[in-house]
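# Structure assessment
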Amino acid sequence: MKLLLKNGRVINPANNLDEVCDILVENTRISKVGKAITNNADEILQPFGLQDDRSGNSPTCQVIDCGGKIVMPGIVDMHVHLREPGREDKETVATATMAALKGGVTTVLAMPNTEPAIDCVENLRLLKAIIEKTANANVLVSGAITVGRLGRELTDIARLRKEGVMAITDDGSSVEDNGLFSMALRKAREAKVLVICHCEDKSLSGNGVVNRGLIATRLGLRGISCESEYKRLQRDIQLAEKSRCPVHIAHVSCAESVEIIAGAKKKGLKVSCETAPHYFALTEEAVLEYDTNMKMNPPLRSKNDAQAIKQGLSRGVIDVIASDHAPHTISEKEIEFDRAEFGVIGLETELAVSITEMVHTGLLSWVELARKMCFNPARILGIDKGTLNVGSAADIIVVSADQEWLLQKEGIVSKSKNSPFIGKRFKGIVEYTICNGKITAYQRTG
Amino acid sequence: MFLLMKEKAKIMDEEAISRALIRIAHEILERNKGIKDLCLVGIRNRGVTLANRLAERISKIEDKKVPVGILDITLYRDDLTLIAAHPVVHKTEIGFDITDKNVVLIDDVLYSGRTIRAALDALMDLGRPKTIQLAVLIDRGHRELPVRPDYVGKNIPTAKNEMVEVHLAEVDGKDEVVIVEKDG
Amino acid sequence: MAEELVWNKKDLLGLEYLSKEEIELILNTADSFKEVTTREIKKVPVLRGKTVVNLFYEPSTRTRVSFELAAKRLSADVINIATETSSVKKGETLIDTGKNIEALKADIIVVRHNYSGAAMMLARHVAISVVNAGDGWHEHPTQALLDIFTLREKLGKIAGLNVSIVGDIAHSRVARSNIWGLTKLGAKVTVCAPEMLIPPGIEQMGAAVTDDIDEALKDADAVNVLRMQFERDEQNAFPRQVEYFKKFGITEDRLAKAKKDIIIMHPGPINRGIEIASEVADCPQSVILEQVTNGIAVRMAVLFLVSQARDNETIT
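Residues numbered from 1 in each chain as written. Chains lettered and ligands numbered in written order. Predicted model: local features only at pLDDT ≥ 70, side-chain atom pairs only at ≥ 80, totals over all residues.

## Side note on the overall build of chain A
Which entries qualify depends on this criterion: In this text, helices come from DSSP runs of H or I with a minimum length of four residues, and strands from runs of E with a minimum of two, each type numbered from the N-terminal end. Restricting the calculation to C-alpha atoms gives the radius of gyration, and the globule rule supplies 2.2 Å times the number of residues raised to the power 0.38. Any residue surrounded by 20 or more other C-beta atoms within 10 Å of its C-beta is treated as buried, while 12 or fewer makes it exposed and the intermediate range makes it partly exposed; C-beta atoms here are placed from the backbone. Placing C-beta atoms from the backbone, we regard two residues as in contact once those atoms come within 7 Å.
Regarding its fold elements, chain A presents 13 helices and 19 strands. The C-alpha atoms of chain A give 22 Å as radius of gyration, which agrees with the globular expectation for 446 residues (22 Å, within 12%). Seen through its C-alpha atoms, chain A measures out along the principal axes to roughly 70 × 45 × 45 Å. Burial status across chain A gives 58% buried among its 446 residues. At a minimum sequence separation of 6, the contacts of chain A that also span at least 24 residues come to 73%.

## Overview of the interface of chain A and chain C
Many descriptions give the size of an interface as the accessible area lost when the pieces come together. Which entries qualify depends on this criterion: Residues are sorted three ways: Asp, Glu, Lys and Arg are charged, Ala, Val, Leu, Ile, Met, Phe, Trp, Tyr, Cys and Pro are nonpolar, and all the rest, Gly among them, are polar.
Across the contact, 17 residues belong to chain A and 21 residues belong to chain C. Looking at the side of chain A that touches chain C element by element, the count peaks at four residues for helix H6 (residues 214–219) of chain A. When the residues that make up the side of chain A that touches chain C are grouped by side-chain class, the tally is six nonpolar, four polar and seven charged.

## Let's talk about the pairing of strand S4 (residues 129–135) of chain C
Residues and elements named next belong to chain C. As a reminder of what qualifies: When DSSP locates at least two bridges between a pair of strands, those strands are taken to pair. We call a crossover right-handed when, viewed with both strands directed away from the observer, the connection leading from the first strand over the helix to the second proceeds clockwise.
Within S4, seven of the seven residues are buried, leaving the element largely enclosed by the surrounding structure. Across five bridges, the pairing between strand S3 (residues 108–113) and S4 is parallel. Bridge pairing in S4 links His-113 to Asp-135. Between the parallel pair S3 and S4, the chain is carried across by helix H4 (residues 118–125), and the sense of this crossover is right-handed.

## Quick look at helix H5 (residues 141–155) of chain C
All names here are of chain C. What counts is decided by this rule: Residue count minus one, scaled by 1.5 Å, sets the expected span of a helix.
With 15 residues, H5 should reach 21 Å at 1.5 Å per residue; the first-to-last C-alpha distance of 21 Å fits that figure. H5 sits mainly inside the fold: eleven of its 15 residues count as buried. Within H5 the residues assigned to the buried category are Pro-141, Thr-142, Gln-143, Ala-144, Leu-145, Leu-146, Asp-147, Ile-148, Phe-149, Thr-150 and Leu-151. Gly-156, located one to two residues past H5, shows a positive phi value of around 80°.

## Side note on the environment of Arg152(C)
Residues and elements named next belong to chain C. Tracing the backbone through its elements, the reader meets Arg-152 in helix H5. The exposure class of Arg-152 is partly exposed, given the 19 C-beta atoms found within 10 Å. A sequence separation of 125 residues divides Arg-152 from Leu-27, and the C-alpha atoms of the two residues are 9.0 Å apart. When residues no more than four places from it in sequence are discounted, the contact partners of Arg-152 are Leu-27, Lys-157 and Ile-158.

## Observations concerning the interface of chain C and chain B
With 17 residues of chain C in contact, the opposing surface of chain B contributes 13 residues. Where the side of chain C that touches chain B is concerned, the elements lending two or more residues are helix H1 (20–36) and helix H11 (288–315) of chain C. Grouping the amino acids of the side of chain C that touches chain B by side-chain chemistry returns seven nonpolar, four polar and six charged.

## Topic: the confidence of the model for chain B
To keep it simple, the criterion reads: pLDDT is defined as a per-residue confidence score from the predictor, taking values between 0 and 100.
Summing up the model confidence of chain B, the mean pLDDT is 90 and the portion of residues at 70 or higher is 92%. Across the interface, the model reports ipTM at 0.91; the global pTM reads 0.88.

## A short note on the sheet that holds strand S3 (residues 68–71) of chain B
Whenever strands of a sheet pair, they do so through backbone hydrogen bonds, lying parallel or antiparallel. Residues and elements named next belong to chain B. Here is the rule: The convention used is that axes are lines fitted to C-alpha atoms, helices contributing only their stretch in contact, and that angles between N-to-C directions extend from 0 to 180 degrees.
Strand order in the open sheet formed by five strands is S3-S2-S4-S5-S6, and the pairing between neighbours is parallel. Because the sheet does not close on itself, it has two edges, and the strands there are S3 and strand S6 (151–155). Within this sheet the neighbouring strands show an average axis-to-axis angle of 25°, counted without direction. In this structure, strand S2 (residues 38–43) lies alongside strand S4 (residues 102–110), joined through five bridges in parallel fashion. By the bridge assignment for S4, Cys-39 is matched with Val-103. Its contacts with the sheet place helix H1 (residues 14–31) against S4, strand S5 (131–139) and S6, and it is angled at close to 150° to S6. Running over the sheet, helix H3 (residues 114–126) touches S2, S3, S4 and S5 and is turned about 155° from S4.

See below:
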């Protein structure tokens, strides 16, 4: 059955389209984008959700009335921890992709720091089999740079690429050894695979748990300086330049990093980067009550840094908004701050937070938002996603942009509930998520 | 806890209070056969004022000073949690040994007897007095414990919804005893 | 007459969270309790029938004994639970332990823990009172309160005083609590330590910073000498003990350049010859032992106030 999305404000970041028009989906693909696509008299339309057909004939096309709503590509989230295999108590491919769909995310890139890590073909195949059987959305896989992510021995990057990894990263750690990392970059360039950098100098961040500064001092907690991020960032960019290998910088959190990346781009280096919604929606002040749902790495930074991240997005220095979705169980989070695991979930809230903080405030247009969350990540990964181009797979979301909602713990779909936004209100709710042409999730809002 | 109070009647004026205190001072001296081993302990707040006045009276009669102490019974109350909101603790200041002394406890109004019971506990923790006697300006009845005063300024029968207020110049600007009715 | 301040917090987690008036209320209440400790029968029945549990995750004798005596003088029943924790061993969680203590119908948990924020976390999960006896580097409110009480007793006021705190400021909960308390009451605070032991942002907490001990002592009305915790030195970053004494030790020579009546304080236990010279610890200006005495009165006041707040909560 065909699917017609009528009268929505259609946002296509691939060609800067921002217009009220219709989209027709046929056979899992977008077949038409334009005004008034219902002129075919043979078409028997049925509004989505209606059980009976009024006319007595089988309908040929479902219709969703998108009047007053935003229609944009499904989000491509290139930084997600699925936790499977190994920590199915925190999350599984199945539950994470359900959470993704609720948040309007139709494609995710899985991080390789599972147990076992995705550092060899056997493990990659294991994960791919799980994805094949249980994924509810599109799941791409990344591989580790070093065996076990221990930073000592390189994985077989070329083979991993052949077997289908879309990127390599030791995310969670940085490769400490300069020589080893240089070698990794060269091999990645040869294999034409993206390297994602987690920039952290462990000798500087040590046992830190919050941003270094007044707040850390007041709380009596060890601090993680911005230096530990931007010094490693400088190294990674230098080595990438030398190896002529494109790199993508994960979870940018501070002002200095934004400037360093801006400088690198100006020089013409192939550096892309991402930030997560919590780095522009929250600051270190959120940690003042020792709430471990505010603990992640890199940590929440100062007001100044959050401002710089916002501007980095507006200026185009930051290319991508990705969640860094990191589920953890209660026993790993509801404990002393020092001992709690780093990380917060984000699939279900990244769009709403971004809309509230960046679009409704005028810092990003809808097209620019769609670029950060859909088009750019797809382009950086080299996949045909993140657009509403005719002929592409129908990964589309229908968003009620002004609808306000409250995030409650009970409403969270992800298996783990460690969100920093519990109890907060946002504007922007995904009403329909269409993945590969099928309506996979919808929420009625009144 | 704010209750609307309506003044109903004035029971004693300045002169009446003064005469009552003079009489009590004489009674104390008569019963204790002079001021040897005598000491006065006033219960905060107005009991202290009364104790000071009695001490002055006594020293005029005997031409000798009698020691006065201040007792704060907040830490000994049994209905600590039931009195108005949050009791504030003040210092007990008894600068002399009460052991083997005749202690006259002084308070402004005797009602349920619980304040006096707490005061007795406090005094027992401070030493071993020979006797403890009780002097009150007003006894309004409604005892809940077996406590009886040795010296009384005036007996006033009251209803439970009434309150007896003693005002003293040092604290309230004027001397009088009034009955107020709790409204609502 | 201004309405008297009412204490309505069921917990005492830190001086950062108290107003000037609340701190003064504790100090005034402690005054009355000090009187109790001078009597022959050092007991009042205020907490009769109540149970205070000392939950100490870090070894401590003086603080624990001080709290125990304070509780007993208020006629409470006291239980001491001492546990050893290592970051590797993961036994019963703090929250579970707290909930178990609550299930035993205890009324107050006095908790000392090696992780910052532990007291606050515990207080969030139990309805009974939690008193922070020291959490990681964060706060040690009763220590600062007794320090300030002692100063107030000796000098009659806090506002306008110059107080210097010398030692490992970065890792000191005593320093943090003192900075909060003193600045809220209007004192001028200076911290003095080698640069690596000064935490970032301490000036924004209201303290002046110097690494020159003579400068710190010059106009000081009081100096609070912190214990150098060499056992906490994780990265061998500390100066050697002898070096430290030379540069920062409080000696009679150093004091000769300070005010004649400068008050010497120390939270204890003292490392004679490392942060403070023996003669100084025993000199007439030293109030170290009075701090210990005052600690009981201050802790009695704290236990009384939090208990009363909770009682009032349950009836209103």
